[in-house]
Amino acid sequence: SSSSPASTSFIEKLDNLLLSSPPTFIKPTDPTVTRGDPYNNMPPLLGEIAVQQQKQKERKEQSIRNIGVAPPQLFEVGELMGERRQWSRLVQAERAREEASEIRRALNIYTTNLNFNKNKYVYSGSQEEKKMMIREDRLPSATEVIRSDLDARDLYRNEVQTKLEDARAEYLYQKGVGFEDVGELVGLLRETKVALGSWFGFIPDEHIKLALEAVKRGRAEPFDKMIIS
């Protein structure tokens, strides 16, 4: 019964979780969302030219030759200008989502401040798989592994927010009809917990230890100590 003390207490907890504006758990002294500008904060065109020159240098170092009668510089700069506009729009949209969700902002603060070792990574597959990938020249680079790691974190972050929004909508509906059937609501809350657990599953145990020690001392742990290798 929704009128029993236990039910009333549970409803109050769900109100606080899904409907109330939660008190911020991000302090002004905490790190902020940090997004590196691939164009080094340079003005339009100059930034694109700098990136194009860097790519050209990388191709030269990797002995990659372009096939064609005309050099690709001007065409590539034009493509980069379009990519930069798209990147700026994506950043603005994500900032708006962060302002609307304290949880999303908190997860992004952690992810965007991670320091990855760009020179090496630990391969978790079997030795036989690794040897086969090396022979077939399919072993991913450290950059590709980092990108895949970040993409997976973002996917789980998105799932957490989507499930929370779905749970909020279902909770409002059930509250209006007297909680006739809470099966879907319970399922959504469980799925939210699973998604959040998957996101936290990327955090190494040593980082959790550092964070708990920092909480005990009452200050944030510098992110430069949290290097993923």
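These figures come from a predicted structure and were not determined experimentally.

Peer 1: Help me out: how do you make sense of the overall build of the protein in this one?
Peer 2: Secondary structure assignment for the protein yields eight helices and two strands. Across the 229 residues in the protein, those meeting the buried criterion constitute 27%. Look at the contacts in the protein between residues 6 or more apart in sequence, and 70% of them connect residues 24 or more apart. Put simply, the protein shows about 16100 Å² of open surface, and 55% of that area lies on carbon and sulfur atoms.

Peer 1: Would you mind showing me how to read unusual backbone geometry here?
Peer 2: Peptide bonds are mostly trans, and most non-glycine residues show a negative phi. One non-glycine residue, aspartate 137, adopts positive backbone phi at about 55 degrees. Secondary-structure assignment places aspartate 137 in the loop between helix 5 (127-135) and helix 6 (142-176). Exposure remark for aspartate 137: the relative accessible area of 71% places this residue in the exposed category. A positive phi is found at phenylalanine 179, a non-glycine position, where the angle reads about 55 degrees. Relative to the helices and strands, phenylalanine 179 resides in the loop between helix 6 and helix 7 (183-200).

Peer 1: How do you make sense of the pattern of salt bridges when you look at a structure like this?
Peer 2: Close approach of charged atoms allows side chains of opposite charge to pair. In the structure shown here, the tally under the stated rule is nine salt bridges. Across the pair glutamate 94 and arginine 104 runs a salt bridge, and its minimum N-O distance is 2.7 Å. Highlighted residues: glutamate 94 in helix 3 (residues 73-100) and arginine 104 in helix 4 (residues 102-112), separated in sequence by ten residues. Classification of glutamate 94 as buried rests on a relative accessible area of 9%. What makes arginine 104 buried here is its relative accessible area of 6%.

Peer 1: Help me out: how do you make sense of a negative patch on the surface in this one?
Peer 2: A cluster of acidic residues, Glu165, Asp166, Glu180, Asp181 and Glu184, forms a negative patch on the protein surface. The exposed category is assigned to glutamate 184, whose relative accessible area is 52%.

Peer 1: What am I meant to see in the side chain of threonine 111 here?
Peer 2: Of note, threonine 111 is situated in helix 4. Ignoring sequence-local partners within four residues, the contact set of threonine 111 consists of Leu150, Arg153, Asp154 and Trp199.

Peer 1: What am I meant to see in the nonpolar core here?
Peer 2: It is characteristic of soluble globular proteins that their nonpolar side chains tend to be buried jointly. Judged by nonpolar contacts, Ile11, Leu14, Leu18, Val160, Leu164, Ala167, Tyr171, Phe179, Leu185, Leu188 and Ala195 together constitute the single largest core of eleven residues. The biggest single contributor to this core is helix 6, with four residues. Once residues lying within four places of it in the same chain are set aside, the contact partners of leucine 185 are Leu14, Ala167, Glu170 and Tyr171. Counting seven residues, the second-largest nonpolar core is a separate cluster that includes Phe116, Ile146, Trp199 and Ile203.

Peer 1: So what exactly am I meant to see when it comes to the packing of aromatic side chains here?
Peer 2: Each aromatic ring pair is characterised by the separation of its centres together with the angle its planes make. Here the structure, examined in full by the defined rule, presents four aromatic pairs. Note on tyrosine 110 and tryptophan 199: the rings are 5.7 Å apart at their centroids and 70 degrees apart in plane angle, and the pair reads as edge-to-face. Remark: tryptophan 199 occurs in helix 7 and tyrosine 110 occurs in helix 4; sequence separation between them is 89 residues. Assessed through its relative accessible area of 12%, tyrosine 110 is described here as buried. For tryptophan 199, a relative accessible area of 3% puts it in the buried group. Between tyrosine 156 and phenylalanine 202, the ring centres sit 6.0 Å apart and the planes meet at 50 degrees, which makes this aromatic pair tilted.

Peer 1: When you look at the environment of leucine 155 in this model, what are you seeing that I'm missing?
Peer 2: Within the secondary structure, leucine 155 sits in helix 6. On the accessibility criterion, leucine 155 (60% relative accessible area) is exposed. When the C-alpha atoms of leucine 155 and alanine 195 are compared, they prove to be 9.3 Å apart, with 40 residues separating the residues in sequence.

About the thresholds
Residues numbered from 1 in each chain as written. Predicted model: local features only at pLDDT ≥ 70, side-chain atom pairs only at ≥ 80, totals over all residues. Heavy atoms only, no water. Helix = DSSP H or I, 4+ residues; strand = E, 2+ residues; numbered from the N terminus. Buried < 20%, exposed > 50% of the residue type's maximum accessible area, 1.4 Å probe, protein only. Contact = heavy atoms within 4.5 Å. Areas by Shrake-Rupley, 256 points an atom, 1.4 Å probe, with all protein chains shown as cover. Salt bridge = Lys/Arg side-chain N within 4 Å of Asp/Glu carboxyl O. Patch = residues over 30% accessible without salt bridge, like charges linked within 9 Å, V, L, I, M, F, W, Y side chains within 5 Å. Lys, Arg positive; Asp, Glu negative; His and termini not counted. Charge placed at Lys NZ, Arg CZ, Asp CG, Glu CD. Core = buried A, V, L, I, M, F, W, Y, C linked by side-chain atoms within 4.5 Å. Phe/Tyr/Trp six-rings, centres within 6.5 Å; stacked < 30°, edge-to-face > 60°.

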